[in-house]
Amino acid sequence: MNSIESSHVPLVIRDLNVAYQTKVVVWDADFDAPPGKLVAIVGPNGAGKSTMLKAALGLIPIASGSVRFFGLPYEKARHRVAYVPQRETVDWDFPVSAVDVVAMGLYRRLGWCLPVRRKELDQARAALAKVGLSDYASRQISQLSGGQQQRVFLARALAQDADLYLMDEPFASVDAATERAIVDVLRELRSRGKTAVCVHHDLPTVPEYFDHVALLNMRVVSQGPVDKTFTAENLRKTYGARLTLLEEAAQAVERARVSAQHRATL
Amino acid sequence: MNWTELDTWIVITGVLVCLACALPGAFLMLNRQSMLGDGISHAVLPGLAIAFLLTHSRDILPMVVGAVVAGVLTAVLTQAVQRFGQVESGAALGVVFCGLFATGLILIRVASDRVDLDADCVLYGSIETAVVDVARVPRVALISGGLFLVNALLTVLFYKELRLAAFDPALATTLGFNADAIRLGLTLVASVTTVLAFESVGSILVIAMLVVPAATASLLTSNLSRLLVTAMLFAAASAVLGHIGAITLPGFAGRLLGHPGLGATSSAAMMAVTAGILFLLVWVFSMWRDSHGRPQRSTPT
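The present account deals with the structure reproduced in this document. (Residues numbered from 1 in each chain as written. Chains lettered and ligands numbered in written order. Predicted model: local features only at pLDDT ≥ 70, side-chain atom pairs only at ≥ 80, totals over all residues. Heavy atoms only, no water.)

## Comments concerning the overall build of chain B
A tally of regular secondary structure across chain B gives 13 helices and 0 strands. Secondary structure elements of chain B occur, N-terminal to C-terminal, as α-α-α-α-α-α-α-α-α-α-α-α-α. Scored against the burial criterion, the 301 residues of chain B give a buried share of 50%. Pairs at least 24 residues apart make up 75% of the contacts formed inside chain B by residues separated by at least 6 positions. If you sum the accessible surface of chain B, you get close to 13,900 Å²; carbon and sulfur atoms cover 69% of it. (Helix = DSSP H or I, 4+ residues; strand = E, 2+ residues; numbered from the N terminus. Buried < 20%, exposed > 50% of the residue type's maximum accessible area, 1.4 Å probe, protein only. Contact = heavy atoms within 4.5 Å. Areas by Shrake-Rupley, 256 points an atom, 1.4 Å probe, with all protein chains shown as cover.)

Structure (structure tokens):
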């Protein structure tokens, strides 16, 4: 385990407890996001995955525990962290265009009261180009498909130019082209030494898309490199004995083993 | 139609009040809090009563302070009821403002034994008598003008922050723009606007202007700055057409119905009715436009 103060570790969570009124949602969670890795947080519905991210960012109050970003409290590390909320949390009928939404990622650097200028809009357009949405910049956001909306959110995070990206279910109900685009962006981020932590639902793709995985069910059941941690045994501990999920997991583990062998033979 | 200097001042005041309300109203709508204006306009009653009971004066300053405190309390309590009582936001607002309004009525009954603090006056205001003034520029015109200027300035200064907090409060907060604080600030502005405006024009016009021009504009555009300008145009048009309607229509209707004695009706109410009629016309227009294959406002693909 990393020391909580070490400044090269993007995110360290220790003994985190979060409760909604009297219902405990996250219980004594310990979590580390190693630098330069793509990390998945997986677990059953209601396991507290999104809650853990939101609590770490100070969006919901924590009952106890500590959170450090690059060794600092969030307020001091804000400029190095980008957050992508779940797509459904915002109103997509809101009167803004795609480029306006992406430019929101630049507001912190602008500061209070200063208006968005041509420079910010150009940066926002560049970010949209990276997710393949150059032609959609001035579209009103309700005229975009679900996948395109998710890519707008991703572009906004890219515009923030952070070192750590926290994404809440970026792959939830998106089309194949968007899934591809997100994976490409994640890998490009990793190649530049950035870290991304994604809440993820689709177990079979975990070994393909991510380097590290944290299995969460109220507490962190297990975490570490995918090939060591993403095992049938750990998944059973996380998900309980639900048959279909376990079958899915077993297939995923098998696929991971095969692809690891494949890589080893290359 | 017999247009006098009084009519000019009524229209000027009406336009300024309507403009001042339309701006925060648009952002309340985007925050899905449109009815907060309605809630505030009722919930300020105990604030007015308590301010009066404490200071024994009806000066504008203690009244405004009392009303603003009550207005902000409405917003905060509504959020608390919603979060901890786990009820839907409209129901939470209803619970809070009815409770506060009823408390206000009781307090006013208590206070009215000693002085004339008239609930009717608070609720319905009267733009016609308010502009009758000894000064060259009526006080209500000055107040409305100041209110509009302040609201316009705040909208320009905090346009980006208001938009961010309304669209994505989670992102706003992680970026260091505390969304709760920004929304509370908007509530504060809405409270002050409501209080100052309904002193002159009554609460119906205030509620109407917080909600209707923004709703009308949102039928026509999906660009926020254009929406604000359009809402202001509809607000101003409602004020002008409303007053003209108020002084002409009753006479016209009276002649039609054979009661030539009918005089002018309440201008403030007519302005609110006009806003509603304009909304209806625009709504019909937008349906007609959408059915004729013109580019639609929102089509999820």
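## Notes on the sheet that holds strand S1 (residues 11-20) of chain A
Residue and element names in this part refer to chain A. Taken in spatial order, the 3 strands make up an open sheet running S2-S1-S4, and their pairing is antiparallel. Looking at which strands have only one partner, the edges of the open sheet turn out to be strand S2 (23-33) and strand S4 (64-69). Averaged over neighbouring strand pairs, the angle between their axes works out to 25° when direction is ignored. Pairing analysis gives 7 bridges linking S1 to S2, with the strands arranged antiparallel. In the sheet register, Ala 19 faces S2, and the bridge partner there is Val 24. (Pairing = 2+ DSSP bridges. Axes fitted to C-alpha atoms, helices over the stretch in contact; angles between N-to-C directions.)

## So, the packing of aromatic side chains
For the structure on display, the rule yields 8 aromatic pairs over all chains. An angle of 85° between the planes, with centres 6.1 Å apart, marks the rings of Trp 92 of chain A and Phe 167 of chain B as edge-to-face. In this pair, Trp 92 of chain A sits in the loop between strand S5 (81-84) and helix H3 (98-103) while Phe 167 of chain B sits in helix H8 (residues 159-167), so the two residues belong to two different chains. In this structure Trp 92 of chain A comes out as buried when scored by relative accessible area, which is 11%. Here a set of aromatic residues connected by ring pairs shows up, and it is made of Trp 92, Phe 94 and Phe 153 of chain A together with Phe 167 of chain B. For Arg 80 of chain A, the ring lying beneath its charged end belongs to Phe 70 of chain A, and the centroid distance is 3.7 Å. The side chain of Lys 160 of chain B reaches across the aromatic face of Tyr 107 of chain A, ending 5.5 Å from its centre. (Phe/Tyr/Trp six-rings, centres within 6.5 Å; stacked < 30°, edge-to-face > 60°. Lys NZ or Arg CZ within 6 Å of the ring centre and 35° of its normal.)

## So, the pattern of salt bridges
All names here are of chain A. Applying the stated criterion across every chain, the model contains 13 salt bridges over all chains. Arg 14 is paired through a salt bridge with Asp 32; the nearest N and O atoms lie 3.1 Å apart. With Arg 14 in strand S1 and Asp 32 in strand S2, the pair connects residues that are 18 residues apart, well separated along the chain. Judged on exposure class, the residue Arg 14 and its partner Asp 32 are both buried. One salt bridge connects Glu 120 with Arg 117, and the closest N-O pair in it is separated by 2.8 Å. Given a relative accessible area of 5%, Glu 120 falls into the buried group. One connected set of salt bridges, linked through shared partners, spans Arg 80, Asp 163 and Lys 194. (Salt bridge = Lys/Arg side-chain N within 4 Å of Asp/Glu carboxyl O.)

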